[in-house]
Each structure stands twice: as C-alpha cells, then as structure tokens.
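Breakdown of the fold
Listed here are the chains, written in short residue letters.
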Amino acid sequence: MSTCNWLFLSKNGQDQYINMLARSAGVEPTNSDHFDYYYDVVVDNRPVVLRGILKYKIMQQCLQDHKTFYYMDTGYFGNNKSARNPRGDKLWHRIVRNDLQHGDIIPRPDDRLRRLGVMLQPRRVGRQIIVAAPDEKPCRYYGIDQQAWIDNTVATIKQHTDRPVVVRLRAAKREDRVHNDPLEQVLARDVHALVTFNSVAATEAVVAGVPAFVLAPSNAAAPVASRDLSEIDTPYWPDDDKRYAWACHLAYGQWHVREIQNGSAYRMLNES
C-alpha cells in the first residue's frame with residue numbers, strides 16, 4: 001500500500017502527465033472539481049502537485065500559508081526539434097518545489113545533461129536585441145499587463161542603447177513555435193542579447209551563446225543572466241564552468257515522460 005500523501009491535482013481528472021506521476025507514486029489523481037484547498041492542504045497538510053500556470057491562485061495561497069506545492073510545466077531542454085527528438089515533441093517536463101522555475105545552482109553530476117545532448121555554444125556577438133514578450137498566462141500570475149510590459153521594457157532599453165530592438169511574441173500554437181522560425185534559428189542570427197520576463201527563452205539563449213536579461217521574480221536563467229537593463233550594452237556573461245554547472249542543475253530538474261510514468265521522477269523528487 002502506498003505511503004504517498006501527495007495530492008496530484010488533475011484538471012477534470014484528465015491531465016495525462018499529472019495522472020502518470022500520481023500512478024507512478026501508487027495513488028490515484030484527484031479530480032480538480034473535487035479539490036478543497038482548506039481540507040486537503042491546510043487541514044490534511046498534503047503537498048499538492050499541479051500543472052499549468054493558471055493554477056496560480058492555489059500556488060500563491062500555498063506560498064502565503066507556507067504549504068508545499070510542486071509545479072509541473074514544460075522542461076528546459078530536449079523539446080526542440082533535434083536528432084533525439086525529430087518532431088519536436090514535448091517530451092521533457094520540469095517539476096519545481098514551491099516555485100515556477102528552478103533557482104540557485106545546486107551542484108549536480110553531468111550525466112543527465114550528456115544524455116540530453118545539450119551543447120553549450122560559445123559567446124555570440126551581434127547587433128540586435130530580442131525582446132521575448134511574456135504571454136497572457138504568466139501575466140495573469142504576476143498581475144502585469146502584457147502590452148504595458150512590452151512598452152516599458154522597450155522604452156527602458158532605448159534609454160541605454162541605440163541598438164535595434166525586435167519584439168518577439170510567443171506563437172499561440174506549439175506547432176508554430178517548433179516549425180516556423182523557431183527561437184533557435186533567431187538566436188543564431190545577428191543577436192546581441194535577449195530580454196524576457198519569465199520565459200524559458202532565456203535558458204535557450206544562454207545555451208546558444210547569447211546573453212540574457214530576465215525580469216521576472218522567477219526565471220531558471222537568473223543565475224547566469226542579468227537583471228539590470230541599464231547594462232544592456234555590456235551584459236553579464238558567465239564563465240564556462242558556471243554555465244556548465246547551471247545546465248547540469250537544470251537537467252536534474254526535468255524528466256522525460258517515460259521517467260514520469262515509471263516512477264523515476266517521483267523517486268528523485270523525494271531524494272532531492
């Protein structure tokens with residue numbers, strides 16, 4: 001009989017990844033329609049596992065009440081088209097304790113990074129600044145207006161540089177993001193830096209050799225990126241050892257769908 005007391009919150013009981021993780025732990029997922037925050041989290045003190053940023057009210061309440069949650073979303077590496085993933089399927093998923101993304105670098109082995117085939121590219125030099133705008137979901141989580149963020153960010157950048165600024169909006173459909181002018185191709189062009197809010201685009205940029213600026217409270221690239229737009233012409237660039245340690249750390253914060261299904265993800269989360 002399972003000793004797991006985690007509550008795996010599945011939207012309408014149909015979230016396939018939450019359901020996989022729950023069953024790998026030996027328990028049944030909880031239909032979101034039957035979830036009661038007070039009794040399930042406050043009274044029973046059960047850590048809640050959820051997927052998708054639109055569960056922000058639950059996460060914010062957990063933070064306020066000092067209750068544990070695990071947030072699941074798209075992984076940092078391995079979901080773009082590559083020899084290991086020729087269709088660009090969403091195979092890797094991050095799971096984060098009490099936050100949206102992983103933060104400070106935790107020393108990790110490099111076995112998972114090598115398995116992913118991630119190759120850190122040398123520093124690129126270019127002219128353009130790419131502003132990767134947040135979409136509406138994180139804007140709702142953080143209580144910001146998307147267009148106001150774009151306008152304010154571009155205006156601030158232009159106070160400190162005369163470099164051309166290109167605003168990139170996230171395509172609504174994953175198919176378009178994977179196949180139509182993917183970020184990987186954009187970063188290989190004449191790019192000086194990428195500026196974003198919470199987007200994993202910052203992680204892609206640092207891997208691709210492009211300095212990143214991250215402006216959200218939580219962004220996995222924060223340990224290897226800048227936050228001060230007044231430094232846009234002279235962005236921070238981490239040394240190779242730090243960048244590699246950071247990438248190894250993130251590789252240990254995401255799991256392949258098979259690992260979610262077979263119990264490896266749940267086991268590693270309990271060990272970390």
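The preceding data block contains the structure.
Turning next to the environment of Gln 61. Summarising the element assignment, Gln 61 is placed in helix α3 (residues 56-65). Once the C-alpha coordinates of Gln 61 and Tyr 37 are considered, the two residues, 24 residues apart in sequence, prove to be 9.0 Å apart.

A few words on helix α9 (residues 201-208). Most of α9 is tucked away: seven of the eight residues are buried. Restricting attention to buried positions, one finds in α9 the residues Ala 201, Ala 202, Thr 203, Ala 205, Val 206, Val 207 and Ala 208. Looking at the buried residues of α9, the elements they touch are β6 (128-132), α8 (183-187), β8 (191-196), β9 (212-214) and α10 (240-251).

Quick look at the sheet that holds strand β3 (residues 48-51) now. Taken in spatial order, the six strands line up as β2-β1-β3-β4-β5-β10 in an open sheet, and their pairing is mixed. Of all the strands in the sheet, the pair left with one neighbour each is β2 (30-31) and β10 (254-256). Here strand β1 (residues 7-10) pairs with β2 via two bridges, running parallel. Directly across from Leu 9, in β2, lies its bridge partner Thr 30.

On inspection of all chains with the given rule, the structure shows eight aromatic pairs. Measuring from centroid to centroid gives 4.8 Å for Tyr 141 and Tyr 142, while their planes differ by 75°, and the two rings are edge-to-face. Look at Tyr 142 and Phe 197: their rings are 5.2 Å apart centre to centre, the planes differ by 90°, and that puts the pair in the edge-to-face class. Of this pair, Tyr 142 sits in helix α5 (residues 136-142) while Phe 197 sits in the loop between β8 and α9, placing them 55 residues apart in sequence. Members of the aromatic cluster, connected to one another through ring pairs, are Tyr 56, Tyr 141, Tyr 142, Trp 149 and Phe 197.

Evaluated as defined, the whole model comprises ten salt bridges. Note that Asp 162 and Arg 127 form a salt bridge whose closest N and O atoms lie 3.8 Å from each other. One end of the pair, Asp 162, is in the loop between α6 (146-160) and β7 (165-168); the other, Arg 127, is in the loop between α4 (111-116) and β6, with 35 residues separating them in the sequence. Put simply, Glu 271 and Arg 267 hold a salt bridge, and the shortest N to O gap is 3.3 Å. Residue Glu 271 and its partner Arg 267 are both found in helix α12 (residues 264-271); the two are separated by four residues, about one turn of the helix. Exposure remark for Glu 271: the relative accessible area of 56% places this residue in the exposed category. Since its relative accessible area comes to 43%, Arg 267 is described here as partly exposed. Here the salt bridges do not stand alone but share partners, grouping Arg 112, Arg 115 and Glu 259 into one network.

Another point: the sheet that holds β6. Taking strand neighbours across the sheet as the criterion, the four strands line up as β7-β6-β8-β9 in an open arrangement whose pairing is parallel. The open sheet terminates on both sides in strands that have one partner only, identified here as β7 and β9. The sheet shows a mean angle of 20° between the axes of neighbouring strands, direction not considered. Those strands touched by α6 are β6, β7 and β8, and its axis lies near 160° from that of β6.

This brings us to the layout of surface pockets. There is about 660 Å³ of room inside the second largest pocket. Taken together, 27 residues line the second largest pocket, and the ones lying closest to its centre are Gly 78, Asn 80, Ser 82, Val 118 and Glu 184. Secondary structure elements with two or more residues in the lining of the second largest pocket: α4, α8 and α9. Ranked by residues supplied to the lining of the second largest pocket, first place goes to α9 with three residues.

For the rest of this paragraph, the subject is unusual backbone geometry. The phi torsion at Asn 12 lies on the positive side, around 55°, for a residue other than glycine. Inspection of the secondary structure puts Asn 12 in the loop between β1 and α1 (16-24). The class for Asn 12 is partly exposed, based on a relative accessible area of 40%. Despite not being glycine, Asn 98 has its phi angle at roughly 60°, a positive value. Along the polypeptide, Asn 98 turns up in the loop between β5 (92-97) and α4. Classification of Asn 98 as partly exposed rests on a relative accessible area of 24%.

So, how was this worked out
- Residues numbered from 1 in each chain as written.
- Predicted model: local features only at pLDDT ≥ 70, side-chain atom pairs only at ≥ 80, totals over all residues.
- Heavy atoms only, no water.
- Helix = DSSP H or I, 4+ residues; strand = E, 2+ residues; numbered from the N terminus.
- Buried < 20%, exposed > 50% of the residue type's maximum accessible area, 1.4 Å probe, protein only.
- Contact = heavy atoms within 4.5 Å.
- Pairing = 2+ DSSP bridges.
- Phe/Tyr/Trp six-rings, centres within 6.5 Å; stacked < 30°, edge-to-face > 60°.
- Salt bridge = Lys/Arg side-chain N within 4 Å of Asp/Glu carboxyl O.
- Axes fitted to C-alpha atoms, helices over the stretch in contact; angles between N-to-C directions.
- 1 Å grid on protein atoms, 1.4 Å probe; cavity = no way out; pocket = protein on both sides within 12 Å on 5 of 7 lines; lining within 4 Å.
- Points joined across faces, edges and corners; volume = space filled by probe spheres on them.

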